[in-house]
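# Geometric and topological summary
For reference, the chains in residue letters:
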Amino acid sequence: MSQKIRQAEGLLRDLPGKGQTVLPKDGETNVLITSALPYCNNVPHLGNIIGSTLSADVFSRRRNELHIGTRNRRTLYVCGTDEYGTATETQALKENITPKALCDKYHDLHRETYDWFDIGFDIFGRTSTPHHTEISQDIYLHLSKNGLLEKQVKDQTYCEGCQRFLADRLVEGTCPNCGYEARNRNQCDGCSRTLDPLDLISPRCQRNKTHTVTARPSSHMYVRLNAIQPQLEDWLLKTWKVGKWSPNAVINADGDIIDARLRGGLRPSPVTRDLVWGVPVPTTGNADEDEEMKDKVLYVWFDAPIGYPSITANYTSEWRRWWFNRNNVKLYQFMGKDNAYFHSVFFPSVQLGDGRDWTMLHHISTTEFLNYEGGKFSKSRNRGVFGPAAKETGVSSSVWRYYLLSTRPENSDSMFSWSEFVSANNGVLLNNFGNFVNRALKFVSAKYDGEVPDGGDSPGVLSSEGDPDQAFITEVNTLLTSYLEAMDSVKLRLGLQTVMQLSARGNLYLQQSGLGNALLADDSKRCAQVVNRALNLIYILSAVVYPFMPGTSDAILLQMNAPARAVPSELSHDVLPGHRIGTPAHLFKKIEEKQADIWRQKFGGAAPPAEVAPAGASKRKAGTAKKAMTMISDDAVRSKAVLELEAQVKTQGDIVRALKEKQKKQVQLGEGELSNALAELLRLKAVLTKEQAKN
């Protein structure tokens, strides 16, 4: 089929070729992206995915887009499984396999999950590699050489039968406070009090419950975070502002350090453990210390962040160009809020203490928690979607990506709801985004035999001055500016909202222009112009939606018979007259409302068992469980129409908020743009109120 796309430098998307090694270049923009390494003793749930890997993937795809005017931008996205430590040994013991076999199993499960979600790492590696051992030991030795390691001796549980020290997770016994049988936890499930394994009554070894467990002194090395803290705080207070960090548990939006450990003064932190599965502690040349550290391994929280450079080393032998290049590489890291301390305090302290010119954190993007249907994800209770199970729904990964990203818990915890999942598909993707694309393409196919008509526009940027579509062109350009600003600031949810605002504006344009048989018969020139401009907006949509829903982007390009394009800052005439489109097809399928109940039942979202507050604990848990039951009950009685209207109100509310934010920043809006958006929001709310009254 004939393609007629405007030829212009930077118009088309420019990505590295498959198999091409991406390396930074001095003097150009080089972006290194990591998502928190998932622990290799279980499969991830949806909260894990949105908190790190999916969010980082969106930003990685955005940075790779090379939007017009920002050439020579290199991006590397690194992730992998964190494989060493007590949790791996414990899970391997439960499954009666070796730690290595366990890691092989779960590494493959993780990879299968991320592949299905269309997450495009440059490398998805693992920490149980020779490169990881070498780099971890090298950092340990630099800390030792710089006088930043100290030895401490503390009592630790010891199994007389196994003749080895036991990690906390390998000890079980009776809680001395309430008599509850404690297993594998540092906190009692009965009274919620913190437990020290040394205080347990009748402590037992998980490997063999007949073995006697005693306490013996054990020597370990600690990194002197207290000595590094002044240097760390100087770095922290400079970096958070330049990198525009998201507020997290370490430093808030005002630049105040709020982490209790920092405010109270950092203490030496352990870097070794009495385990078998891990990186062996290297010898330092101090005979006494080397003897005491013999047969010990590096603590997993020490070596886990080192997985980022070690996985990069498995990607390229020139990994140092990424990791020892502070002035030319910007490091963006994505994770849940519970990982913020280790990425913004602990590992940067280790890097500073190491003394070499490490590439250090530029921007940290943290999320709050995604909960599930009024409660928490729980593998043991079969509550939630884990691993690759999402594909069992038969819903495309694009829809899953959209819903998770639209509910990304950026400022507070959010809730996964099957009812809202269905509404998001039907009310936003199908009726808004998909409707605009399909309506315009089908019109071209049916009325112009699939050939783009000549609307009279010259190739290139469309001028709004004196144009009958002045408001439309101006509003699209304003939204494109907002999109670029949101994505560059790592405001991913806002970026996605802006994409949906662009498609909503496209729908409104077709409606206001009266696209149809009457317009074609009465004013063929105007009809051709409307069609042409709509197609060029769709071409832009294929680019702005790409980071969020790459499968949808590919489908649009296939239907348009067009090459992948970069993101412009202005609406332009790029799909030219005479271009032949492909075959139009629906981008999304309707999901029947009853599916929400079916999936709730399948994935444990229906009526979770009420949690009974244990003796000695507050009544808050019971109250939370009751509230969750109420939320689920409310979802169950809302009609399909109400759910779809709620989704539309939410989308329109996002549009109004975005416009008000621009107004505050004194950004010029189109004539009547805000008032029209407010009027539409009020109209939708009124319709919703009437519909709710019917229920």
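Provided above is the structure to which this section pertains.
Keep in mind that this is a model prediction, so the values were computed, not measured. (Residues numbered from 1 in each chain as written. Predicted model: local features only at pLDDT ≥ 70, side-chain atom pairs only at ≥ 80, totals over all residues. Heavy atoms only, no water.)

## Description of the side chain of Gln156
In this structure, Gln156 sits in strand 4 (residues 149-159). Its relative accessible area of 17% is what places Gln156 among the buried residues. (Helix = DSSP H or I, 4+ residues; strand = E, 2+ residues; numbered from the N terminus. Buried < 20%, exposed > 50% of the residue type's maximum accessible area, 1.4 Å probe, protein only.)

## What to know about the sheet that holds strand 2 (residues 73-81)
In a beta sheet, neighbouring strands are held together by backbone hydrogen bonds and run either parallel or antiparallel to one another. One open sheet holds the five strands; their spatial order is 3-2-1-13-14, and the pairing between them is parallel. Looking along the sheet, the strands with just one partner apiece sit at the ends: strand 3 (123-126) and strand 14 (361-367). Looking at each pair of strands side by side, their axes are set apart by 20 degrees on average, direction ignored. Taken together, the four bridges between strand 2 and strand 3 define a ladder with parallel strand orientation. Opposite Thr81, over in strand 3, you have Arg126 as the bridge partner. Lying on the sheet, helix 11 (residues 340-354) is in contact with strand 13 (329-336) and strand 14; it crosses strand 14 at an angle near 160 degrees. (Pairing = 2+ DSSP bridges. Axes fitted to C-alpha atoms, helices over the stretch in contact; angles between N-to-C directions. Contact = heavy atoms within 4.5 Å.)

## So, the pattern of salt bridges
One pass over the structure, following the stated rule, counts 38 salt bridges. For the salt bridge of Glu181 with Arg204, the shortest nitrogen-to-oxygen distance reads 3.0 Å. With Glu181 in strand 7 (residues 181-182) and Arg204 in strand 8 (residues 201-205), this residue pair connects regions lying 23 residues apart in the sequence. Notably, a salt bridge pairs Arg533 with Asp467, separated by 2.7 Å at the nearest N-O pair. (Salt bridge = Lys/Arg side-chain N within 4 Å of Asp/Glu carboxyl O.)

## Comments concerning the packing of helix 14 (residues 470-488) against helix 15 (residues 492-513)
For the pair helix 14 and helix 15, the least separation of the axes is 8 Å and the interaxial angle reads 165 degrees. Accordingly, the angle class assigned to the pair helix 14 and helix 15 is roughly antiparallel. Crossing of helix 14 against helix 15: the hand is left-handed. Only Leu492, Leu494, Gly495, Thr498, Val499, Gln501, Leu502, Arg505 and Tyr509 of helix 15 make contact with helix 14, whose side of the interface consists of Ala471, Phe472, Glu475, Val476, Leu479, Leu480, Ser482, Tyr483, Ala486 and Met487. In terms of residue class, the contact of helix 14 with helix 15 is made up of 13 nonpolar, four polar and two charged. (Parallel < 35°, antiparallel > 145°, perpendicular 65-115°, else oblique. Left-handed = near helix turned anticlockwise from the far one by under 90°. Nonpolar A, V, L, I, M, F, W, Y, C, P; charged D, E, K, R; others polar.)

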